[in-house]
2 protein chains.
Amino acid sequence: MSEFGLIEHIARLFVDIDHRGWETIGDDCTLLPIGGDEALVVTTDMLVEDVHFVREATSAEELGRKALAVNLSDVAAMGLPAVATLLSVALPSNAGEEWAREFIKGYHTLSKEQGVALVGGDTTASKDKIVINVVAVGRGPLSNVKRRSAAKIGDAIYVGGQLGASALGLKDILAGEYDTPNAARHRLPVAQSQEGVWLGGRAEVHAMMDLSDGLASDLCHILHASHCAAEIFVENIPAVEGDVESAVCGGEDYKLLFTVDADNTECFESDFEAQFGFRPYLIGQIVESAKSEIIWTEQGRRVNPQWHGFTHF
Amino acid sequence: MSEFGLIEHIARLFVDIDHRGWETIGDDCTLLPIGGDEALVVTTDMLVEDVHFVREATSAEELGRKALAVNLSDVAAMGLPAVATLLSVALPSNAGEEWAREFIKGYHTLSKEQGVALVGGDTTASKDKIVINVVAVGRGPLSNVKRRSAAKIGDAIYVGGQLGASALGLKDILAGEYDTPNAARHRLPVAQSQEGVWLGGRAEVHAMMDLSDGLASDLCHILHASHCAAEIFVENIPAVEGDVESAVCGGEDYKLLFTVDADNTECFESDFEAQFGFRPYLIGQIVESAKSEIIWTEQGRRVNPQWHGFTHF
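These figures come from a predicted structure and were not determined experimentally.

Parameters and conventions
- Residues numbered from 1 in each chain as written.
- Chains lettered and ligands numbered in written order.
- Predicted model: local features only at pLDDT ≥ 70, side-chain atom pairs only at ≥ 80, totals over all residues.
- Heavy atoms only, no water.
- Least-squares fit on C-alpha atoms with pLDDT ≥ 70 in both.
- Contact = heavy atoms within 4.5 Å.
- Buried area = accessible area lost by both parts, 1.4 Å probe.
- Salt bridge = Lys/Arg side-chain N within 4 Å of Asp/Glu carboxyl O.
- Polar contact = N/O pair within 3.5 Å; in protein donor to acceptor, adjacent residues only side chain to side chain.
- Helix = DSSP H or I, 4+ residues; strand = E, 2+ residues; numbered from the N terminus.
- Nonpolar A, V, L, I, M, F, W, Y, C, P; charged D, E, K, R; others polar.
- Buried < 20%, exposed > 50% of the residue type's maximum accessible area, 1.4 Å probe, protein only.
- Pairing = 2+ DSSP bridges.
- Disulfide = S-S within 2.5 Å.
- pLDDT = per-residue confidence, 0-100.
- Axes fitted to C-alpha atoms, helices over the stretch in contact; angles between N-to-C directions.
- Parallel < 35°, antiparallel > 145°, perpendicular 65-115°, else oblique.
- Left-handed = near helix turned anticlockwise from the far one by under 90°.

Student: Give a detailed account of the relation of the copies chain A and chain B, specifying residues and quantitative values.
Tutor: Note on the copies: chain A fits chain B at an RMSD of 0.0 Å, the axial shift is 0.0 Å, and the rotation between them is 180°. In symmetry terms, the pair is related by a two-fold rotation axis. Of the residues that chain A buries at the interface, 100% are likewise interface residues in chain B, meaning the two copies contact each other through the same surface.

Written out as structure tokens, the structure reads:
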């Protein structure tokens, strides 16, 4: 059973239990309206040694930052600011006090930079591998929440930064080169938290998510949820080192992917640039189709690359 | 560094970040007031194969129930009903689709019995051991929330059920006897969810927590938080099979431990009995002391057993 097969099995099984006000609609976070125009969003992510990281290639401090960053990215993708996290850590006896202190140091540094409180968790032993589970909670206006299901026919499709650095960096690390700029992006991904909150406040932004498994895989979630297709202009994809395949198929870039009302793109792009100092990358448009597919084009002509995203198992 | 040493290190490090309205005061759950007289409580617990369970001794379905039950117990200890959970599962290749489906079946059965929604989570691969992380969320009146810090001098101390079954059951399992009644209690602990919500609504109930590490260890959390000591009447401890040491030192009983205004115990006990069909067990009283210690007495005379609770690492 694939990762998504198991998730679908679980979703089908639990339809007979009332959701108690929670919206669990396949977004980066689950959503809980808490009265007035206020909402909480909650996400959780588990990192397992030798699956998501290799102890020799990642310092404990870096891993502390990364474990938090990937969850902050999911909260940013909903359009709300992160306010709090819970952290569970299972430590084998060969990862002792020093490892734990360094990990917590990295986690704390990013928490402080982002003003995110640590409000709970669990510490326990493990037989041999380190396991980390982070829960992140965002809080803000319900009307700012962005859903994957909100893309509309004609919307412009944007990404919030260059893609492929993490995949290229992983290649460097596997080749034993730990200190390249791309390796640093893989080891220390940065969540687009400020961008996410700003985009949450813009009514012309419709659907949003973060890119964790690669554009070729992740964009399909928006297309399925919004019942539409996408045309992607391959020549517009902001690929690090011009490596389009890594940009499209590589995981862990943690850039925001979002759709914008086609009538407002000029004003939107200049407001975004005024805020963040760079223009978001226009990579395509939402199109009508019975099939939730990505249509790749180059200079207006359809191409058929065999691009797939990254899956965890 | 011990489990509690690491938690204290983390707590000291994070004092420089604003808590954003969350109360993280060393209770079974962290607390978030969300407006009016409403609050959320959140708890998280990680279960690691060969530390918290052995695959050969626990069926996947049982483990699904247990992973949820221990978190429901933490929510019950706050005096609120559980409403939702998030579930993260890391599966090695030798725990395949059948294991995952059986685990989810057990988790779903208890979720449905308790009306608790599954609203999010993560599924991923693991190198060799199964790891489960559950987050449980409770929601209800802020004024019903019970804290460890609320015990008062003179309070009567109660436990909500018999103690020691889980520790005795673990001994049976380690001796290869998987099917004894105590082994069943170890494999399938039951959270006192209904009792917790009812106790939350009673103003004469002051401090409350659940017994996960044993009375000798857990009671100290109430004593530290409430700046007091406790006299425990050893002859009143409701020990399964009369084994007081297992009752006091054994973990994973998941019975509620709570203190009650001494002026109201008779009415409280009969109302509890009318509701649940049995009397709660009066085991001691809160006493004044500069030292947060447990004073064990038998027939009014002090005894000095070397009893300690269970720690995870």
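Student: Before we move on, can you summarise the interface of chain A and chain B with the specific residues and values?
Tutor: At the interface, 68 residues of chain A touch 68 residues of chain B. Taking both partners together, chain A and chain B bury about 5900 Å²; carbon and sulfur atoms supply 69% of that area. Between the two partners, chain A and chain B, sit two salt bridges. When the shortest N-O distance is used, the salt bridge between B:D16 and A:K112 registers 3.8 Å. Run the count over chain A and chain B and you get 18 residue pairs in polar contact (both at pLDDT 80 or more). Contributions of two or more residues to the side of chain A that touches chain B are made by α1 (3–13), β1 (30–35), β2 (38–48), β3 (82–91), α3 (97–114), β4 (117–125) and β5 (131–141) of chain A. Residue contributions to the side of chain A that touches chain B peak at nine residues, all from α3(A). The residue makeup of the side of chain A that touches chain B, split by class, is 36 nonpolar, 16 polar and 16 charged.

Student: I'd like a description of the pairing of strand β9 (residues 256–260) of chain B, backed by residues and values.
Tutor: Residue and element names in this part refer to chain B. For β9, a buried count of five out of five residues is recorded, marking the element as mostly surrounded by other parts of the structure. Every second residue of β9 is oriented toward a common face, with L256, F258 and V260 on one face and L257 and T259 on the other, all of them buried. Across four bridges, the pairing between strand β6 (residues 156–159) and β9 is antiparallel. Note on β9: the bridge partner recorded for V159 is L257.

Student: So what's going on with the state of the cysteines? Which residues, and what values?
Tutor: Tallied over the full model, the rule gives zero disulfides over all chains. B:C220 supplies the cysteine sulfur nearest to B:C228, a cysteine that is in no disulfide, at a spacing of 11 Å.

Student: Talk me through the confidence of the model for chain A; I want residue IDs and the actual numbers.
Tutor: Per-residue pLDDT for chain A has a mean of 94; in total, 97% of the residues score no lower than 70. Interface confidence for the predicted complex, given as ipTM, is 0.90, next to a pTM of 0.92.

Student: An account of the sheet that holds strand β12 (residues 301–302) of chain B is requested, with residue identities and associated values reported.
Tutor: Residues and elements named next belong to chain B. One open sheet accounts for seven strands, arranged β7-β9-β6-β10-β8-β11-β12; its pairing is mixed. At either margin of the open sheet sits one strand with a lone partner, and together these are β7 (205–210) and β12. This element, helix α7 (residues 215–226), spans β7, β8 (229–233), β9, β10 (281–287) and β11 (294–298) of the sheet and lies at about 125° to β11.

Student: Break down the packing of helix α2 (residues 60–76) of chain A against α3(A) for me, citing the residues and quoting the values.
Tutor: Residues and elements named next belong to chain A. α3 packs onto α2 with a crossing angle of 40° between their chain directions and a minimal axis gap of 6 Å. Between α2 and α3, the angle is such that the two are oblique. The two elements α2 and α3 meet at a crossing, and its hand is right-handed. Each of A60, E61, L63, G64, R65, A67, L68, A69 and L72 in α2 lies in contact with α3, whose residues at this interface are W99, E102, F103, K105, G106, Y107, T109, L110, S111, E113 and Q114. Counted by class, the contact of α2 with α3 contains 10 nonpolar, five polar and five charged residues.

Student: An account of the environment of A:A76 is needed here, citing residue identities and associated values.
Tutor: Residues and elements named next belong to chain A. Structurally, A76 can be placed in helix α2. A C-alpha to C-alpha distance of 4.9 Å links A76 and S193, two positions 117 residues apart in sequence. When residues no more than four places from it in sequence are discounted, the contact partners of A76 are Q192, S193, G196, M208 and L256.

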